[in-house]
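Descriptive analysis of the structure
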Amino acid sequence: MPDYVSKNSSGFERRLSLINVWSLAFGCIVGWGAYVMPGTVFLKRAGPFGTLIAMETAALIMLIMSYNYAYMMKRYPVSGGEFVYAKRSFGDKHGFICAWFLSLCYISIIPMNATALCLIFRALKPEALQFGFHYVIAGYDIYLGEVLLALSALIIFALVSMKRAEIGGKLQTIFVIILLCGIGIVICGIIFNPSASLLKLQPMFHPKDAEHGGVVSQIISVLVVAPWAYVGYDIVPKLTSEAEFEPKFIKSVMDTSILCGCFVYTGLTLTAAIGIPESYSSWVEYIADLPKLSGAESIATFSAARQVLGQLGVIVISISGMMAMLTGILGFYVGTSRLLYAMSKAGMLPEWFSELNANKVPGNAVKFCLCVSSLAPFVGRNALGWTVDMSSIGGAVSLGYTSLSSMKIALAEGRTDMKIFGSVGFIFSVIFVLLLLVPVSGLNCSLEMPSYILLIVWVILGMKFYSRKY
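These numbers were taken from a predicted model, which means no experiment stands behind them. (Residues numbered from 1 in each chain as written. Predicted model: local features only at pLDDT ≥ 70, side-chain atom pairs only at ≥ 80, totals over all residues. Heavy atoms only, no water.)

Another point: the state of the cysteines. On inspection of all chains with the given rule, the structure shows 0 disulfides. With no disulfide partner, Cys105 has as its closest neighbouring cysteine sulfur the one in Cys28, 10 Å distant. We note that Cys371 lacks a disulfide partner, and the nearest cysteine sulfur, in Cys369, lies 9.3 Å from it. (Disulfide = S-S within 2.5 Å.)

See below:
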């Protein structure tokens with residue numbers, strides 16, 4: 001075993017159970033996006049059937065990717081995941097590139113989940129947190145009350161993340177159970193509600209340009225979100241030094257978290273399309289009006305819960321959504337801190353990041369994540385959304401490096417099966433990056449101009465940082 005592996009593994013305690021690791025992975029996959037994006041992105045881009053095809057195709061791609069992760073984890077069973085694989089396979093420069101993009105992807109999701117908590121209060125009682133100072137950035141209203149809520153969540157779960165690993169793992173498991181129960185209640189409410197009908201799913205695709213080859217472009221416009229939507233299952237490789245179960249279960253943990261994430265995304269999207277307010281004739285009309293609405297009707301999944309279960313449904317899905325957002329905060333605190341820890345152990349970050357506290361976790365790395373994330377509530381969700389958009393590229397880059405690393409080792413070992421999985425994974429990663437970066441006529445999936453600018457800034461910062469270090 002390479003010296004780096006044994007050095008990287010030192011200090012951690014194996015305290016995370018199989019269900020804890022699964023909950024951390026699943027909780028990262030299902031965050032605020034599963035509740036908000038059915039109305040703001042999925043139905044708007046591809047309709048219910050287009051979303052169903054796209055998300056299931058994306059899940060299949062991620063299952064292929066999981067073969068590459070499992071293959072690499074057997075060779076490098078340490079904290080760091082994709083960064084370690086890229087570094088060991090292609091050298092420091094590629095390891096840094098992979099980690100630099102992935103860290104952006106991870107850390108941007110933490111404040112997005114924290115600020116999404118405010119959306120629940122806006123749905124339940126819009127004016128509850130709208131006090132104190134008020135200003136607008138990129139069309140989003142920012143209030144002191146909502147900033148305080150987001151900061152409170154960030155601070156509380158940073159403190160939890162600095163406790164023993166099993167404390168966060170057990171708490172995550174409880175949150176996930178509540179999350180799934182809430183989703184199950186709402187979906188069952190739709191299934192058994194007399195007024196709910198599959199006919200409400202018509203049209204199956206968004207009618208805009210559907211007759212001009214738009215169906216394929218609609219599916220692709222949702223499919224390209226996959227590196228972001230399913231990011232989280234890849235937290236598992238970063239916890240291999242802390243898992244107390246046998247490595248043979250790791251792939252099953254990743255695969256089941258992906259499949260359950262797919263069920264939640266598609267289930268809530270179909271629920272949102274079926275459970276439209278009675279005043280609308282179709283989900284197309286409702287989604288078009290969504291930006292003008294307030295309260296529960298402004299979030300399609302919340303509106304659907306109200307239609308089938310009344311105010312109780314809003315409460316149930318609000319609790320479920322809150323749990324999803326908290327699992328996203330906690331899960332990505334854990335994942336990001338382990339990534340920064342691995343970079344520090346490799347000499348790419350100061351040793352401060354790899355110092356373990358009395359609870360045997362990288363507490364300083366968690367503090368860094370808290371400091372960076374605490375700036376986000378002051379700029380609002382719309383501006384922060386530009387960072388999240390470009391973070392999809394970070395997810396795709398990390399998937400590509402893992403697949404390419406897997407293919408390189410498979411060539412040396414003569415593993416035909418992993419050559420195929422590695423090459424397929426790499427091809428899909430390249431396609432994801434190109435679709436996000438290159439505007440294509442008829443496809444609504446490339447980055448917006450602010451995201452391009454921020455991406456360029458992030459690349460320049462990375463080049464400056466790397467050149468000073470090396």
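One can find Ser303 in helix α12 (residues 300–345). The residues touching Ser303, leaving out its near neighbours within four places in the chain, are Gly275, Pro277, Tyr286, Ala296 and Glu297. (Helix = DSSP H or I, 4+ residues; strand = E, 2+ residues; numbered from the N terminus. Contact = heavy atoms within 4.5 Å.)

All right, on to unusual backbone geometry then. Cis geometry is adopted by the peptide bond preceding Pro203, which originates at Gln202 and carries an omega value of -5°. Take Pro203: it is sitting in the loop between α7 (165–192) and α8 (214–223). Here Ala138, not a glycine, exhibits a phi torsion of approximately 55°, which is positive. Tracing the backbone shows Ala138 in the loop between β1 (134–137) and β2 (140–143). Although it is not a glycine, Lys360 sits at a positive phi angle of roughly 65°. One can find Lys360 in the loop between α12 and α13 (363–373).

Our focus in this paragraph is the confidence of the model for the chain. For the chain, mean pLDDT is 89; residues scoring 70 or higher make up 95% of the total. Least confident of the elements in the chain is helix α1 (residues 3–9), whose mean pLDDT is 48; most confident is helix α6 (residues 144–161), at 96. (pLDDT = per-residue confidence, 0-100.)

Let us look at a nonpolar patch on the surface. Together, Phe426, Ile427, Val430, Ile431, Leu434, Leu437, Val438 and Val440 make up a nonpolar patch on the protein surface, roughly 590 Å² of accessible area in all. With respect to the helices, strands and loops of the structure, Leu434 is situated in helix α15 (residues 416–437). (Patch = residues over 30% accessible without salt bridge, like charges linked within 9 Å, V, L, I, M, F, W, Y side chains within 5 Å. Areas by Shrake-Rupley, 256 points an atom, 1.4 Å probe, with all protein chains shown as cover. Salt bridge = Lys/Arg side-chain N within 4 Å of Asp/Glu carboxyl O.)

Of note, Leu375 is situated in the loop between α13 and α14 (380–413). Taking the relative accessible area as the measure of exposure, Leu375 reaches 60% and is therefore exposed. In this structure, the C-alpha to C-alpha distance between Leu375 and Asp417, residues 42 residues apart in sequence, is 45 Å. (Buried < 20%, exposed > 50% of the residue type's maximum accessible area, 1.4 Å probe, protein only.)

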